Amino acid sequence: DTGVSQDPRHKITKRGQNVTFRCDPISEHNRLYWYRQTLGQGPEFLTYFQNEAQLEKSRLLSDRFSAERPKGSFSTLEIQRTEQGDSAMYLCASSPTGTPEAFFGQGTRLTVV
Amino acid sequence: RKEVEQDPGPFNVPEGATVAFNCTYSNSASQSFFWYRQDCRKEPKLLMSVYSSGNEDGRFTAQLNRASQYISLLIRDSKLSDSATYLCVVNSGLSLGLIFGQGTELSVKP
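First, a word on scope: everything that follows refers to the structure included in this document. Since we're looking at a predicted model, the values are computed, not measured.

1. What to know about the pairing of strand β6 (residues 53-57) of chain A
Residues and elements named next belong to chain A.
Move 1: Pairing of strand β5 (residues 44-50) with β6, which is carried by four bridges, proceeds in the antiparallel orientation. The residue of β6 that forms the bridge with Tyr48 is Glu56.
Move 2: Between β5 and β6, which pair antiparallel in sequence order, lie two residues; one of them, Asn51, sits at a positive phi of approximately 55 degrees.

Structure, rendered in structure tokens:
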């Protein structure tokens, strides 16, 4: 499968714990995005990487959230001191340069209890 | 006001029906427009891009009205497999992040 891959698919964590998600984009795509989706809503943009550079962060990305893409390939999204409001589907997407169309992974569903 | 607004539905239609969804966007500088489809508990998938001249892909027709800032999707001869949530998506050109509407739920019944 050469699509966008995310790991884990599901994560249940206790409030206050830290969690980290991984995304492997389509190999020839140099743009990588993170989105968050809650029930009944469309995905909301969080952040964007061009290769290893994080070029844009939404105001939704609080100080407890950090994303990296150290070698311009896979990316990680870490949430520190999780809160119940962080419960959502975290979607990663990638695209090649020159098009805003994005191809999504299957997401990581986070439940904070 | 949300940047992209859609009627959440649900739209319940019989097989073979024609159904139309509209969406409005608030940023007049928006440059790219898309419809994505999302099945229950799955990731969004690109259905089609939307161009000013209108475009068609089989049973699906998308149109853009820049003056009124709305986008439409027409589905002809609905199939059971068309049941999904249809997301209207806009890109402003200032950001590479896509802006999604809430989605419109479609349920096609036998």
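From this point, the discussion proceeds with the structure in view.
2. What about the sheet that holds strand β7 (residues 60-65) of chain B?
Residues and elements named next belong to chain B.
Move 1: Pairing is antiparallel across the open sheet formed by five strands, whose spatial order is β1-β3-β8-β7-β6. Among the strands making up the open sheet, the edge pair consists of β1 (4-6) and β6 (55-57). Pairwise comparison of adjacent strand axes, ignoring direction, gives a mean angle of 20 degrees for this sheet.

3. Describing the sheet that holds strand β1 (residues 5-7) of chain A
All names here are of chain A.
Move 1: Pairing is antiparallel across the open sheet formed by four strands, whose spatial order is β1-β3-β8-β7. For this open sheet the edge positions go to β1 and β7 (65-68), each flanked by a neighbour on one side alone. If you compare each strand with its neighbour and ignore which way they point, the axes differ by 15 degrees on average.
Move 2: Note that β1 and strand β3 (residues 19-24) share three bridges and pair antiparallel.

4. Points about the pattern of salt bridges
Move 1: Applying the stated criterion to the full structure yields seven salt bridges over all chains.
Move 2: In this structure, Arg22(A) and Asp24(A) form a salt bridge, with 2.7 Å as the shortest nitrogen-oxygen distance.
Move 3: For Asp24(A), a relative accessible area of 27% puts it in the partly exposed group.
Move 4: Where Lys79(B) meets Asp77(B), a salt bridge forms, and the shortest distance between an N and an O atom there is 2.9 Å.
Move 5: Taking relative accessible area as the criterion, Lys79(B) reaches 33% and is therefore assigned partly exposed.
Move 6: You can call Asp77(B) partly exposed: its relative accessible area is 37%.

The rules behind the values
- Residues numbered from 1 in each chain as written.
- Chains lettered and ligands numbered in written order.
- Predicted model: local features only at pLDDT ≥ 70, side-chain atom pairs only at ≥ 80, totals over all residues.
- Heavy atoms only, no water.
- Pairing = 2+ DSSP bridges.
- Helix = DSSP H or I, 4+ residues; strand = E, 2+ residues; numbered from the N terminus.
- Axes fitted to C-alpha atoms, helices over the stretch in contact; angles between N-to-C directions.
- Salt bridge = Lys/Arg side-chain N within 4 Å of Asp/Glu carboxyl O.
- Buried < 20%, exposed > 50% of the residue type's maximum accessible area, 1.4 Å probe, protein only.

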